[in-house]
Amino acid sequence: MTHWIDTPDALHARLQHLPPCIGLDTEFIRERTYWPQLALVQIALGEADDDILLVDPQVPGICAVLVAMLENPEVLKLMHSPSEDLVAFQHSCGALPAPLFDTQAAAALCGMGAGLSYQKLVHAITGVELAKGETRSDWLRRPLSPAQLDYAADDVRHLHALHRQLQTALTTNSRANWLAEDSRRQLANAAQDDGERWPHLALRSAQFLDPAGQRRLLRLLRWRDAQARSSDRPRSWILDNELAVTLARQNPPDKRSCDGLLDTSPKSPRSLREALWLALSTPLTDENEAPPMRGDDRNKAQLRAMQAAVAKLAADLGLPEGVLASRRLLEGLQDGSGWTGALAGWRRQLLEPNLAPLLDS
């Protein structure tokens, strides 16, 4: 049977002698907050049910015990698609699970498909069908139901089996270093998560704003992100996208005009009007460096040629196209962002010989 752990001493005792790798997952709630509220931590020390720990991080002192395990460089942490789990650990424990083996990313590099769910990957490798019934549960309530506990245990029960097969395939194809590189970058990004520098690029409606309007939108979105973080509220509760774009487009000349525009929207942040106006009307020190949100002026023929080159290379390697380079990354190359971030390292080595001539043209 699995073990419910709700005291720091009990957790410390079970983590005294860690194996070379452990399965790891979390359950969290993020519906009414900016930061994920860590509600449960699942640890698979081995493959037997007796090795599965269901840890209550709401108990004082538990997170402090978890830190040593998370940061132990001798223990590989097996996780599936852990991006939000990393945020939860960083916010609640001040630590990240390193080194990391992402089974979803590993499956993609093995040619099994991009973005495979844990349930589909477990079935593909082990033949086991997992239940999906508790994905929308309230994980903060106590006590958790037997169904919740079973579901939570399943989330780590098969990680060791997945790791064995995926690691073998990665090694056979000489791609283990690719995954290790991606994992290190993922951890570095989570550790330095201070907000997206150019959040306006994520809004397609920004392409219909002139350059000055895009800079105003950037100011509002940067301000919104800071407010959401400091108040621990969802971004849309601070300022929704549609209203932000409207304000940036109409550019009210003074606070009174801005207030009048806010009065027409039922979603306006009435208690933050002063701060919003200040954000809208105050230039950022780096806003002139912001890349524009491109629309119809983009060289579509060039982009299609780049996508075709990526698709051919991906097919030759037996990889999903998106694993090599997404459309957004290719657009970044068009805009001069260079071979940085996800396009550095092994992806650059593969892609640059094929894409550089197209970019030069």
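Located above this text is the structure these notes cover.
Residues numbered from 1 in each chain as written. Predicted model: local features only at pLDDT ≥ 70, side-chain atom pairs only at ≥ 80, totals over all residues. Heavy atoms only, no water.

Asker: Help me understand the environment of R222, please; the structure alone is not making it clear to me.
Answerer: Examined against the element boundaries, R222 turns out to sit in helix α9 (residues 211-231). Residue classification places R222 among the partly exposed residues on the basis of a relative accessible area of 22%. For R222 and L284, which are 62 residues apart along the polypeptide, the C-alpha to C-alpha distance reads 9.5 Å. (Helix = DSSP H or I, 4+ residues; strand = E, 2+ residues; numbered from the N terminus. Buried < 20%, exposed > 50% of the residue type's maximum accessible area, 1.4 Å probe, protein only.)

Asker: Sorry if this is basic, but what is going on with unusual backbone geometry here?
Answerer: For residues other than glycine, phi is negative in most cases, and the peptide bonds are mostly trans. Following A98, the chain continues into P99 via a peptide bond in cis, with omega recorded as -5°. The step from R142 to P143 runs through a cis peptide bond, and the omega angle for that step is 0°. The residue P143 is located in the loop between α5 (118-126) and α6 (146-157) in this model. Even without a glycine there, the phi angle at S81 is positive, about 45°. With respect to the helices and strands, the residue S81 is situated in the loop between β5 (76-79) and α3 (83-93). For D232, which is not glycine, the phi dihedral falls at a positive 55°. By secondary structure assignment, the location of D232 is in the loop between α9 and α10 (235-238).

Asker: I tried to follow the pattern of salt bridges on my own but got confused; where do I start?
Answerer: Where side chains of opposite charge bring their charged atoms close, a pairing between them can arise. Counted under the stated rule, the structure contains 24 salt bridges. Of the charged contacts, one joins D154 and R157 as a salt bridge, the two residues approaching to 2.4 Å between their closest N and O atoms. Of this pair, D154 and R157 both sit in helix α6, three residues apart, which is roughly one turn of the helix. Measuring nitrogen to oxygen at the nearest pair gives 3.1 Å for the salt bridge that ties K312 to D316. (Salt bridge = Lys/Arg side-chain N within 4 Å of Asp/Glu carboxyl O.)

Asker: Explain the pairing of strand β4 (residues 52-55) here, please?
Answerer: Successive residues of a regular strand alternate their side chains across the two faces of the sheet. Here β4 shows no split at all, with I52 and L54 on one side and L53 and V55 on the other all buried. One ladder, built from four bridges, connects strand β3 (residues 37-44) with β4; its direction is antiparallel. Looking at β4, one finds that A44 is bridged to I52. (Pairing = 2+ DSSP bridges.)

Asker: Explain the state of the cysteines to me, please; I cannot follow it from the model alone.
Answerer: Each disulfide consists of one covalent bond between the sulfur atoms belonging to two cysteines. Taken as a whole and judged by the stated rule, the model has zero disulfides. Free of any disulfide, C21 has its nearest neighbouring cysteine sulfur in C110, separated by 16 Å. You can see C63 has no disulfide; the closest cysteine sulfur is in C93, sitting 3.6 Å from it. Exposure remark for C63: the relative accessible area of 16% places this residue in the buried category. (Disulfide = S-S within 2.5 Å.)

Asker: Looking at this structure, how should I read the packing of aromatic side chains?
Answerer: Any pair of aromatic rings gets described here by the distance separating the centres and the angle formed by the planes. Scanning the model with the defined rule gives three aromatic pairs in all. Ring plane angle 5° and centroid distance 4.2 Å describe the contact between W178 and W346, whose orientation is recorded as stacked. Residue W178 is found in helix α8 (residues 176-191), and its partner W346 is found in helix α17 (residues 346-360); the two are separated by 168 residues along the sequence. Grouping residues by exposure puts W178 and W346 together as buried. Cation over ring: R30 sits above Y34, and NZ or CZ is 5.7 Å from the ring centre. (Phe/Tyr/Trp six-rings, centres within 6.5 Å; stacked < 30°, edge-to-face > 60°. Lys NZ or Arg CZ within 6 Å of the ring centre and 35° of its normal.)

Asker: Sorry, what's going on with the sheet that holds strand β1 (residues 3-5) here?
Answerer: Backbone-to-backbone hydrogen bonds join strands into a sheet, with any given pair of strands oriented parallel or antiparallel. Strand order in this open sheet of six strands is β1-β4-β3-β2-β5-β6, and the pairing throughout is mixed. Bordering the open sheet on either side are β1 and β6 (100-102), each of which pairs with just one other strand. Averaged over all pairs of adjacent strands, the angle between strand axes in this sheet comes to 30°, irrespective of strand direction. Inspection of the sheet shows β5 paired to β6 by three bridges, in the parallel sense. When the bridges of β6 are listed, K77 appears paired with L100. Across the sheet, α6 is in contact with β1, β2 (21-29), β3 and β4; its angle to β2 comes to roughly 140°. (Axes fitted to C-alpha atoms, helices over the stretch in contact; angles between N-to-C directions. Contact = heavy atoms within 4.5 Å.)

Scope: geometric values only; no functional claims are made or implied.
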